[in-house]
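Tertiary structure, described
Letter by letter, the chains look like this.
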Amino acid sequence: MQAVARRTGVFARWWLAAVPLAFLAVVLVAPALRLLAEGWGAESLWAPWQDDYLRGRLLWSLAQAAMTCVATLLLGLPMAWVLARWEFPGRALLLRGLMLPFVVPTLVAAMGVLAFAGPNGWLSRWGGPDLQGTPWLLLYGNLFFNLCVVVRAGVDALSSVSAARVAAARSLGATPWRAFWRVEWPAVAPWLASALCLVFLYCFSGFGLALVLGGQNYATAEVEIYTLVAHELQLGQAGVLSLWMLALTAIVAWGYAFMERRLATPARADAILRRCPQGWVAWGAVVAVVLIWMLICAAPLVSIARGAMNSGAMAWAVLTDEDTLSALSNTAQFSALALALATGLGLAHALAAQRVLWLRTLVFLPFIVSPVMVAFGLLLLYPQWSSSFGVLVAAYALLAYPFVAKSLAARLDSLPAHYLEAARSLGASPWRCFWRVTLPLLAPALRRGMAFAAATAVGEFAVSLFLSRPEWATLTTLIYQHLGKPGADNLAAAQVLACVLMGLALLAFVLIEWPTGEDEARA
């Protein structure tokens, strides 16, 4: 009987896997291969490394991603330790506020960074430097997006450190620093390494921030691929460059998936209790954490809101334009359909990929293959459907569903096995076990994954730029159109639209961070 049940489970798992695998094959792998085939043979495989200009783009892409990883680790680990070990007024709000940048669309974030640290920004008005034209502007934008990834991973990791081991080290005479270095650091290092892999992927294959903040001098290889295809029609060069980007990101993604699988352990019951900070050093550390959050995460968003508020009534009149109302409707329509599709795909992929490393790795393919490559691959492979409604929604869902699958996979790893065993011993069928036991336990992770997916769909930019018809313009493409036009009025209109888009992202943020009964119980 056990052998029959095992074979049935394997059969069901492969049926579940077939749906997302077929979707990935049609919408992602085939278009990417078509784009690569376009350049295969037209250029030497080593051409990007033999050309000084392209080699510089590749090396800068690696360097800016690596520097962002170092900066997020240096800032994020102390912040995570303070948030994990001390209880102070506003701690929960600060922890939730750290996630805000992660749901803000890249185009809005880029405008916020420019409004704060660019020409005539708050930073220069306070006597600070104007970062426009320097590599620091892109690094600041990367830090804005990715600091929360390391901090949240660090807090989760520190919360799983055994209190008994730390207490034993202290009872043997270890100083707080030695107890951290010998007990806590080995426990949190794999979590941080996993988070840094994700930060590297985001920075290395990012497009929107690099396009707006990098400029001509500090554009990444991703922007160069877009330029080669969209403006110079050098498909061969773009294909070879894409091949190298794929290879480099695939290595990092595999490492990330491997570490995530190793970290799949149930939470410890003897977590260290948080305590109130004592002394001026402790309170100084808390103040420093708040200041870093304000400088890195809050300042660009406040700058966007302030710019929109000061833009005047004429600028706000853009909200009544027919184009704006159409863009709002399109954004809502595309996001809702993409979210429904992404939820189904993510649920199927997470359930099928449990305990299967290579299948789990495939969920990161949409992170490896950039939206620019996907869009142009779809244009080349399906020219007759390239501007169709279905292809556009499928491309949206492709970029959103990994968030659902990743959130569910992490929750599935931590589910106690004895719950299902108890249900089965009472005679429940596999479907009834899933409906009455697994799904309720997955509900918080599903809600969080769907909220991230919704935020991704609402702020999607690259795919919309290339695949949508003029009548299907979304808020992001409308903002980009206003930015491309001269005049202060267009800039003000773009700021107002960015503020509206930020409001939609805030709505997703509330859904992500709204405390549930489970969250309150853990707190």
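Residues numbered from 1 in each chain as written. Predicted model: local features only at pLDDT ≥ 70, side-chain atom pairs only at ≥ 80, totals over all residues. Heavy atoms only, no water.

Turning next to the overall build of the chain. For the chain, the count of helices and strands is 26 helices and zero strands. Against the compact-globule benchmark of 24 Å for 523 residues, the chain has a radius of gyration of 24 Å, which places it among compact chains. In terms of its C-alpha atoms, the chain occupies a principal-axis envelope of roughly 65 × 65 × 50 Å. For the chain, the residues scored as buried account for 52% of the 523 residues in total. Here the contacts in the chain between residues at least 6 apart in sequence split such that 82% fall between residues at least 24 apart. (Helix = DSSP H or I, 4+ residues; strand = E, 2+ residues; numbered from the N terminus. Rg over C-alpha atoms; globule rule 2.2 N^0.38 Å. Buried < 20%, exposed > 50% of the residue type's maximum accessible area, 1.4 Å probe, protein only. Contact = heavy atoms within 4.5 Å.)

Among the 11 residues in helix H19 (residues 371–381), eight count as buried, and that is most of the element. Residues of H19 that are buried include every one of Pro371, Val372, Met373, Val374, Ala375, Phe376, Gly377 and Leu378, and no others.

A word on the pattern of salt bridges. Pairs may arise between side chains of opposite charge once their charged atoms sit close together. As enumerated under the stated definition, the model contains four salt bridges in all. With a closest N to O distance of 2.6 Å, glutamate 184 and arginine 85 form a salt bridge. Taken together, the residues span a long stretch of sequence, with glutamate 184 in helix H10 (residues 176–205) and arginine 85 in helix H3 (residues 52–85) at a distance of 99 residues. Of the two residues examined, glutamate 184 and arginine 85, each falls in the buried class. (Salt bridge = Lys/Arg side-chain N within 4 Å of Asp/Glu carboxyl O.)

A few words now on the state of the cysteines. Per the stated rule, a full pass over the model turns up zero disulfides. Summary of cysteine pairing: cysteine 69 is not part of a disulfide, and the nearest cysteine sulfur, belonging to cysteine 203, is at 6.2 Å. (Disulfide = S-S within 2.5 Å.)

Moving on to helix H12 (residues 221–230). Within H12, eight of the 10 residues are buried, which leaves the element mostly enclosed by the surrounding structure. For H12, the complete set of buried residues consists of Ala221, Glu222, Val223, Glu224, Ile225, Tyr226, Leu228 and Val229.

If you look at soluble globular proteins, the nonpolar side chains tend to sit buried side by side. If you look at the biggest cluster of nonpolar residues, it comprises 168 residues, and the most contacted ones within it are Leu83, Leu98, Phe207, Leu467 and Ile479. For this core, the element with the most residues is helix H20 (residues 389–414), which contributes 16 residues. In contact with isoleucine 479, not counting residues within four places along its chain, are Leu107, Met111, Ala494, Leu497, Ala498 and Leu501. Ranked by size, the runner-up nonpolar core spans five residues in total, among them Ala17, Ala352, Val356 and Leu359. (Core = buried A, V, L, I, M, F, W, Y, C linked by side-chain atoms within 4.5 Å.)

Following the UniProt record, the feature "domain: ABC transmembrane type-1" (unreviewed entry) maps to residues 58–252 and 328–512 here. Structurally, residues 58–252 comprises 78% helix and 0% strand, and the distance from its first C-alpha atom to its last is 15 Å. (UniProt positions renumbered as here; feature names shortened; annotations may be inferred.)

So, on to the packing of H20 against helix H22 (residues 430–458). Describing two packed helices takes the angle between their axes plus the distance from one axis to the other. It is at 8 Å that the axes of H20 and H22 come closest, and there the two elements cross at 150°. As judged from the angle between their axes, H20 and H22 are roughly antiparallel. The crossing of H20 and H22 is right-handed. In this structure, H20 contributes Tyr396, Leu399, Ala400, Phe403, Val404, Ser407, Leu408, Arg411 and Leu412 to the contact, and H22 contributes Thr438, Leu441, Leu442, Ala445, Leu446, Arg448, Gly449, Met450, Phe452, Ala453, Thr456 and Ala457. (Axes fitted to C-alpha atoms, helices over the stretch in contact; angles between N-to-C directions. Parallel < 35°, antiparallel > 145°, perpendicular 65-115°, else oblique. Left-handed = near helix turned anticlockwise from the far one by under 90°.)

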